Amino acid sequence: MGLSFDPDTLPFPVGHFINGRLIAAKAEIDMHRPSDGKAYAGCPIASAERVEEAVQSAKAALKASNWGRVRPRERTRVLHAFADLIEAEAETLARIEALSSTRLVGQLVAGDIAVTAEQIRFFAEFADKEGSDVVPTDDKTFGMILSEPYGIIGAITPWNFPVSMAGWKIGPALAAGNAVVLKPSEMTPFSTVYLAELAVRAGLPAGLFNVVLGDGVTTGNALTGHPQIAKVSFTGSTRAGSAIMENIARTGVKPMTLELGGKSPQIVFADADLDKAADAIAGSVLFNAGQACVAATRVIVEASVAERFTEALVKRMANVRPGPTWDEATQYSPIISERQRDRIGSIVDAAVAGGSRCLIGGRPIDHPGYFYAPTLLTDLDQTSPAIVEEIFGPVLTLQTFETEEQAMALADHPTYGLASGLFTSDLSRTLRLAREIQAGTVWVNRYSRSRDHILPTGGYKRSGIGKDLGRAAYLANRETKSVLISL
Ligand code: NAD
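Residues numbered from 1 in each chain as written. Predicted model: local features only at pLDDT ≥ 70, side-chain atom pairs only at ≥ 80, totals over all residues. Heavy atoms only, no water.

## Let's talk about the domain arrangement of the protein
1) Next: In terms of domains, the protein is made up of domain 1 (16–260 + 464–486) and domain 2 (265–452).
2) Next: Interface area for domain 1 against domain 2, summed over the two sides, is near 2300 Å², with a carbon-plus-sulfur share of 61%.
3) Next: Our count for the domain 1 to domain 2 interface comes out at one salt bridge.
4) Next: The partner of Arg451 in a salt bridge is Glu118, and the shortest N-O contact between them spans 2.8 Å.
5) Next: Element by element, the count of residues in the side of domain 1 that touches domain 2 is highest for helix H4 (residues 105–124), at seven residues. (Domains from an automatic or database assignment. Buried area = accessible area lost by both parts, 1.4 Å probe. Salt bridge = Lys/Arg side-chain N within 4 Å of Asp/Glu carboxyl O. Helix = DSSP H or I, 4+ residues; strand = E, 2+ residues; numbered from the N terminus.)

## Digging into the environment of Glu186
1) Next: Within the secondary structure, Glu186 sits in the loop between strand S8 (179–183) and helix H6 (190–201).
2) Next: Put simply, Glu186 and Val212 are 26 residues apart on the chain and 10.0 Å apart in space, counted from C-alpha to C-alpha.
3) Next: Setting aside residues no more than four positions away along its own chain, Glu186 makes contact with Ile29, Met31, Cys43, Gly214, Asp215 and Gly216. (Contact = heavy atoms within 4.5 Å.)

## Let's talk about the sheet that holds strand S15 (residues 375–378)
1) Next: The seven strands are arranged S14-S15-S16-S13-S12-S18-S19 in an open sheet whose pairing can be described as mixed. The two strands at the open ends of the sheet, each matched to only one other strand, are strand S14 (357–360) and strand S19 (441–444). Pairwise comparison of adjacent strand axes, ignoring direction, gives a mean angle of 25° for this sheet.
2) Next: Pairing geometry for strand S12 (residues 264–268) and strand S13 (residues 296–302), over five bridges, is parallel. What sits directly across from Ser264, in S13, is Ala296.
3) Next: Packing of helix H11 (residues 338–353) onto the sheet brings it into contact with S14, S15 and strand S16 (395–401), and relative to S15 it is tilted by some 30°. (Pairing = 2+ DSSP bridges. Axes fitted to C-alpha atoms, helices over the stretch in contact; angles between N-to-C directions.)

## Regarding the sheet that holds strand S22 (residues 478–486)
1) Next: With antiparallel pairing, the three strands of this open sheet are ordered in space as S5-S6-S22. In this open sheet, the two strands that pair with only one neighbour each are strand S5 (133–135) and S22. Taking each pair of neighbouring strands and ignoring which way they run, the sheet shows an average axis angle of 25°.
2) Next: Across nine bridges, the pairing between strand S6 (residues 141–149) and S22 is antiparallel. If you follow Met144 over to S22, its bridge partner there is Val483.

Dropping the structure here:
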């Protein structure tokens, strides 16, 4: 049977995880499995009182464990043990993740989960290497910049890569000496609860990593507006990011990191290796059925090779085989919910009604659960909803250009600036355009992350504020204090 499993018999932890304990709670939000549409669980909603309990537990744990001021190598040691346990329990974690999300059990162990363990190790190693500075001042004074943890970080994650996104938040926050109260998405919360159980089993003092389940309105607002949450670290849609800014402005002032939506352009020049470009772009929009913030969504191809490139894309996007996330052999993911599948359909239909041609796909797949066919749209103008809206599904748009200026004008999105791709063999052009593109990431002759976790990720424009991953993410979990001493 390998990694495949029976979704009706898989045990998974339902409840909040506070102070090292699973706390059972009433099911309030109906949950359906994306792979077959079956109702299988209910997500509790943590009230403001429950969030308060999690925050007070984190505060007490910080004090009792002295986590923020303990010998930094001790934090490194505990986080390495946590990463070891994630690897040891990877199959269980993968099955819980695959049960409710769109992630495929066959991709999780060597993919998301292995990478999460690696990233926790990456951040663990900053704990005893990044420190405070003595700075140049005149000879009558002594100046220092002290680097300190914030205290309690309030983290909120989306449904599309639940374990990975939790890892991006807790790795740097804990390594930097903070406690975390994390609210996962109400659509995919259980793998995060299991992750918190593993952290405690690995030796993380209970209370330093608490998980509260719930929606944005009740639990999310209580968390981001809590006066003892020193900083908010959010990943999700731009709409929710702006609601969080509003709530923070209303309830006080605090720093925040926001990793938000995207609508990433890929510019393909005639001098590129077209087969490799088609592999990279189709691969990105097929991966997790396009439900990735950085998904390749807008192809902008030089007119002289457009026909050839379109054929190459269509070939790669045809004949996907949908299947349940719990079957190890499945390669094409469902859409997270019926509502989201219908939203994808309505944007595609509106584009077609507005004059766009659909070259492939353009419809749900006739299969149990919520599947949508890989879709390629062309003949679009810059105001089409298919160009402007983040669709968050397996939909690619294709536009053509004659000149570099036209390509750059098409690539420029009015609001998003998360990632981008350049496919060309011209080095000068690469360097010139990589500077010019308004996006937090530029991938050249590839369209995917590597396992070089030192590269930060985050958005330009309304795709976000601040960075995850890299040294930047560690430093974003530390506050600085200036000390000036008269000698
Ligand atoms: P979402 O914004 O609907 O929800 C994300 C999380 O925010 C959930 O936990 C949700 O409960 C919570 N939330 C919603 N409203 C809130 C509020 N007012 N206050 C506090 N919390 C609130 O996003 P989603 O549908 O779960 O995920 C998809 C989105 O996430 C896409 O826009 C995608 O681009 C983005 N995303 C971005 C990155 C990145 O690194 N930039 C990574 C993954 C996903």
